[in-house]
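Geometric and topological summary
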Amino acid sequence: MSTAAQPETSAHRRDFFQHKIASVLAIAPLGVWTVWHLWSNLAAFGGASAWEEAVTGTRHPVTTLATMVVVLLPLGIHTLWGLKRLTTSRPNNDRYTFFGNLRYLLQRLSAVGVLLFLGAHIFLAFIKPRFLEGRPEPFADIAHEMRFHGPTLVVYLLGTLGVAYHLANGLQSFAMGWGLATTSRALKRVEAATFAFFALLLAMSWGAIYALHQAGV
Ligand code: HEM
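Because the structure is predicted, anything quoted here is derived from the model rather than measured.

1. What to know about the overall build of the protein chain
Counting its regular elements, the protein chain contains 7 helices and 0 strands. Beginning at the N terminus, the succession of helices and strands in the protein chain can be written as α-α-α-α-α-α-α. For the protein chain, the C-alpha atoms occupy an extent of roughly 70 × 35 × 30 Å along the three principal directions. Buried positions account for 18% of the 217 residues belonging to the protein chain.

2. Regarding the nonpolar core
Within the largest apolar cluster, 20 residues are counted, with the highest numbers of intra-cluster contacts made by Ala 143, Met 146, Ala 164, Leu 201, Ala 208 and Leu 212. Excluding residues within four positions of it along the chain, Ala 143 makes contact with Leu 212, Ala 215 and Gly 216.

3. Examining the site of the ligand
Every one of the 28 residues lining the ligand counts as a neighbour, but Ser 23, Ala 26, Gly 82, Ala 111 and Gly 170 are closest to it. Of all elements in the fold, only α1 (2-41), α3 (61-88), α4 (99-132) and α6 (150-177) reach the threshold of two or more residues within the shell around the ligand. If you tally residues by element for the shell around the ligand, the top one is α6, at 8 residues. Residues that form the shell around the ligand fall into these classes: 14 nonpolar, 12 polar and 2 charged.

4. Some words on helix α5 (residues 139-148)
The complete set of buried residues in α5 reads Phe 139, Ile 142, Ala 143, Glu 145 and Met 146. For α5, the angular spread of the buried residues around the axis is 160 degrees, confining them to a single face. Residues of α5 that are buried in the fold lie against α2 (48-56), α4, α6 and α7 (184-215).

5. Re the packing of α6 against α7
Angle between the axes and distance between the axes: these two values describe a pair of packed helices. Orientation of α6 relative to α7, taken along the N-to-C sense of each, is 160 degrees, at an axis distance of 9 Å. The orientation of α6 with respect to α7, classified from their angle, is roughly antiparallel. Considering how the two elements wind past one another, α6 and α7 form a crossing that is right-handed. For the contact of α6 with α7, the per-class residue count stands at 17 nonpolar, 6 polar and 1 charged.

6. What to know about the packing of α4 against α6
α6 packs onto α4 with a crossing angle of 130 degrees between their chain directions and a minimal axis gap of 8 Å. Relative to α6, α4 is oriented oblique. At the point where α4 passes α6, the crossing takes the left-handed sense. Where α4 approaches α6, its residues Arg 103, Leu 106, Gln 107, Ser 110, Ala 111, Gly 113, Val 114, Phe 117, Ala 120 and His 121 are matched on the opposing element by Val 155, Leu 158, Gly 159, Gly 162, Val 163, Tyr 165, His 166, Asn 169 and Gly 170.

7. Regarding unusual backbone geometry
Most peptide bonds are trans, and most residues other than glycine sit at a negative phi. Backbone torsion omega between Ala 28 and Pro 29 reads 15 degrees, so that peptide bond is classified as cis. Relative to the assigned elements, Pro 29 resides in helix α1.

8. Brief notes about the environment of Tyr 165
Checked against the element boundaries, Tyr 165 lands in helix α6. Residue class for Tyr 165 comes out buried when judged on the 22 C-beta atoms lying within 10 Å of it. Separated by 36 residues in sequence, Tyr 165 and Leu 201 have C-alpha atoms that sit 8.5 Å apart. Beyond its immediate sequence surroundings of up to four residues, Tyr 165 is in contact with Leu 106, Ser 110 and Phe 198.

9. Digging into α6
In a regular helix each residue adds 1.5 Å, so 28 residues correspond to 40 Å; α6 covers 40 Å between its end C-alpha atoms and thus fits that length. One or two positions beyond α6, positive phi appears at Gly 179, with a value near 70 degrees.

Scoring rules and cut-offs
Residues numbered from 1 in each chain as written. Predicted model: local features only at pLDDT ≥ 70, side-chain atom pairs only at ≥ 80, totals over all residues. Helix = DSSP H or I, 4+ residues; strand = E, 2+ residues; numbered from the N terminus. Buried ≥ 20, exposed ≤ 12 C-beta atoms within 10 Å, placed from the backbone. Core = buried A, V, L, I, M, F, W, Y, C linked by C-beta atoms within 7 Å. Contact = placed C-beta atoms within 7 Å. Near = placed C-beta within 6 Å. Nonpolar A, V, L, I, M, F, W, Y, C, P; charged D, E, K, R; others polar. Arc of directions from axis to C-beta. Axes fitted to C-alpha atoms, helices over the stretch in contact; angles between N-to-C directions. Parallel < 35°, antiparallel > 145°, perpendicular 65-115°, else oblique. Left-handed = near helix turned anticlockwise from the far one by under 90°. Expected span 1.5 Å × (residues − 1).

Structure (structure tokens):
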């Protein structure tokens with residue numbers, strides 16, 4: 001009997017640890033880096049040289065490598081876990097219509113949107129300019145695209161909306177998952193903080209997009 005129960009126990013334990021690792025990586029470094037990246041992009045209000053210094057600046061190859069290890073590796077790990085989770089657990093909105101269930105469904109829908117957006121964004125703004133064209137993305141190029149290429153503008157507006165939702169709502173499930181908010185009062189506070197954080201992330205994202213759009217020639 002104990003031998004039959006053994007494999008299931010270790011599988012549960014493995015799932016538990018994978019969940020905890022993906023959850024921590026999503027907050028730090030991923031969430032922290034996302035906030036910092038959005039903040040840096042607001043330098044677009046200061047024009048080309050301010051933006052290039054803040055976002056793409058001349059970096060040592062070691063710094064570029066460190067960015068890849070600190071940001072892209074955790075993103076890869078979180079994404080692999082996320083894809084597995086999307087296929088192994090299902091939302092139950094057909095049975096329950098509570099606001100929390102809707103948010104859970106949106107968390108997973110936004111994950112798919114974020115995956116597509118980040119795939120395109122990382123390739124077009126990081127890999128292609130740096131590794132195929134031999135220089136970082138110039139301000140003039142991204143500002144021009146934002147102003148004169150409608151699909152780019154729409155993809156950035158929707159992609160960053162997805163990121164803002166996924167990270168802000170994820171912060172709430174993180175707080176619940178790690179037992180940081182257990183009483184109904186604490187949950188209400190976390191919920192209010194989630195809304196404020198979502199609004200802040202969206203304002204930073206769309207603010208930077210607006211500044212790039214305005215600077216496009
Ligand atoms: C900037 C990139 C991303 C950040 C900052 C981020 C952040 C988060 C956070 C904070 C959580 C909540 C963790 C918890 O409950 O403890 C989460 C959950 C999740 N993320 Fe991400 N994430 C990102 C990208 C992605 C991508 C590309 C996918 C692709 C599939 C993804 C899939 C998921 C899934 C499926 C969940 C769990 C939903 C559930 O509870 O079932 N995430 N994410």
